[in-house]
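# Breakdown of the fold
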Amino acid sequence: MPHLPRLSARRLDARLQARIGRLPATRADGGLRRLSEAADHGVLWFGVGALLGLKSGAPRRAAVRGVGSLLVSSGLVNVVLKPVFGRVRPETVPSGARALGRELDTLSFPSGHSASAAAFATGVALESPWAGALVAPVALGVGYSRVHVGVHYPGDVLAGMAVGGAVALGSRHRWPVRPATPARVRGTGQAPALPRGEGLVVAVNPRSGRPDYDPSADIASMLPAAQVVEVDEEHSVTDLLTEAVRGGARALGVAGGDGSVAAAAAVALEHGLPLAVLPAGTLNHFARDVGVATPGEAAAAVEAGDGVVVDVAAVNGTPFLNTASIGSYPEMVRRRDRLSGTLGKWLALAVATGQVLRHGRPVELDLDGRRISAWILFVGNGVYTPRGLSPAWRPSLEDGLLDVQYLRADLRFGRTRAVLATLLGASEHSRSYAQFQVQRLRVRSLSGPQPVAYDGETGEAATEFVFTKRQRLVVYRSRG
C-alpha cells in the first residue's frame, strides 16, 4: 500500500510521455530537436551568458549567477540525484524529425537539461528581470523538448526544473541579490530647484569611465544653463569647485568616478551646498547606492529640487563616501576587478586574494586598544553587504555607523584559510575574518607609517588614523 501513490505517479508519467509520443508530425519537430541538442552540455546557456556578459552591471551579474547556478545544479543532478533514483529512460524512441540520432545510456530522473535550463533562467532573472523574461520561454522550451524527442518522462523534466530553480534561489544565501531599490536615506534635504541647471557648476573628470566618452556635451544638453568645467593637469575637482563657490554657485555637481565624487563632496560639505552626482565613472558605487543610475536622473532631480541627506565618514578629517582601508585591500580589489570579466566575481576574488596574500605582509594595528595582526583593514561608510571580503552595497546611508572588517594574520595557515573561505563564499564564517561596527574608531599602526586608501584614492602614510562619521551631505536625487 505505501508504494501505490508512487506507482500511480509513474503510470501517469508514462501515459503522458506516450501520449506526447503519439502526437502527429509537424514542422516544430525539427526545431524542438535542434533546441534540445543546442542545450547539450550547457552550450546554449554558456552562449547566452557570454552575450549577457558583454554588458556591465545587472546583465553581467545575471550571466555570472546563471552560469554558476547551472554548474552547481548540473553536478547535483548528474553526480548525486540520478544514481540515487536510478530511473531508466523511456523505452519508446520516436523516429523521423524528432529522433536525436543517437542513443542515450545515462539515467533519466531528474532531467539534467531541465535542471540546467531552470537554474540558468532563475539565476538570470534574480539579477535582471527583463533578461530573465527573455530567457524563461527558451528554458521551458528546452524542458518540453526533452519529452518531445522521447528521452525523458514529464516527471523527469518537472523534477529537474524544481532542482535547478531551487539551486538558483538558494544562491542568494551565499551571494545576496543586489536590491532594485536604493539605500535608505534620512529623508529630504534643502536642495534648491535649478531650472535648466541655472546656478549649478559641474566639474567633469574626462579621465573617468570609458576612455572614448566625454560626458560634458551630454550634461550641457540636459542642463544648458549650468556651467560645465573640465578637470585637467592644472585644475583638480577641488580647485574647480572651490572657485565655483567663490563665484556664487548655488549647488555643485560632479561627473566622474568615486574619487572625483568624494573630492566634490568635501567641497560641498565645507561650504554647505548640495551636490549633484552625475555617474560617469567605471563602477559608480556611491551613485548606485544613493539611487542615481544615470546623469539624466541627476539632471531631473536638480531641476525639480529633489534632495536627500546621507552620512559622510572621514579619516583624519578627510571625507569619504564609500570605503577606506589600510593594508592590502586596494590591491586586492584592483586585481579582482581586472579578473572578474573572465573569471567571474567569486573566482576572481579568490584568485586576487591569493595573489595579494602570497606577496603581502601583515600589519600590526591597535584598534581602540585592541591589538590585531591583519592583512586587510576595511572601514565602510555604513554597513555593507554581503559580509566578508567582497562588500558590494549598503542597505542604508543613514545608519550612523562605521563598518569595520579585517582579515586576521595571526592564525596558522591564515592565508590558506582566507583563500578557501573566499572561494567557497564563506569568508564571513571563517575564523580568519572579523568584523564590528562603531561610530568612531582610532587606529594606530605598530608597523610604522601606512598609507590609507579611500574611495579609489590614496592618502599620505601615517601611524595614526581617526575614523568618524563627520557630517551629513545633501545629494540631489529624484523622489520618484
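Our subject is the structure listed above.
Conventions and cut-offs
- Residues numbered from 1 in each chain as written.
- Predicted model: local features only at pLDDT ≥ 70, side-chain atom pairs only at ≥ 80, totals over all residues.
- Heavy atoms only, no water.
- Phe/Tyr/Trp six-rings, centres within 6.5 Å; stacked < 30°, edge-to-face > 60°.
- Helix = DSSP H or I, 4+ residues; strand = E, 2+ residues; numbered from the N terminus.
- Buried < 20%, exposed > 50% of the residue type's maximum accessible area, 1.4 Å probe, protein only.
- Lys NZ or Arg CZ within 6 Å of the ring centre and 35° of its normal.

For the structure shown, the criterion picks out 4 aromatic pairs. Here the aromatic rings of Phe85 and Phe109 are separated by 4.9 Å at their centres, their planes lie at 70°, and the arrangement is edge-to-face. You can see Phe85 sitting in helix H4 (residues 58-85) and its partner Phe109 sitting in the loop between H4 and helix H5 (112-127), a full 24 residues away along the chain. Centroid distance Phe320 to Phe467: 6.4 Å. Interplanar angle 85°. Geometry classified as edge-to-face. Here Phe320 is found in strand S6 (residues 318-320), whereas its partner Phe467 is found in strand S15 (residues 464-476), with 147 residues between them in sequence. Accessibility expressed as a relative area gives 1% for Phe467, which makes it buried. Against the face of Phe436 rests Arg370, its NZ or CZ located 4.5 Å from the ring centre.

With that out of the way, let us pick up unusual backbone geometry. Here Phe109 and Pro110 are connected by a cis peptide whose omega angle stands at -10°. In this fold, Pro110 is placed in the loop between H4 and H5. Despite not being glycine, Arg196 shows a phi value in the positive range, around 60°. Structurally, Arg196 is set in the loop between helix H7 (154-174) and strand S1 (200-204). What makes Arg196 partly exposed here is its relative accessible area of 48%.

Note that every value here comes from positions in space, so none of it alone points to a role or purpose.
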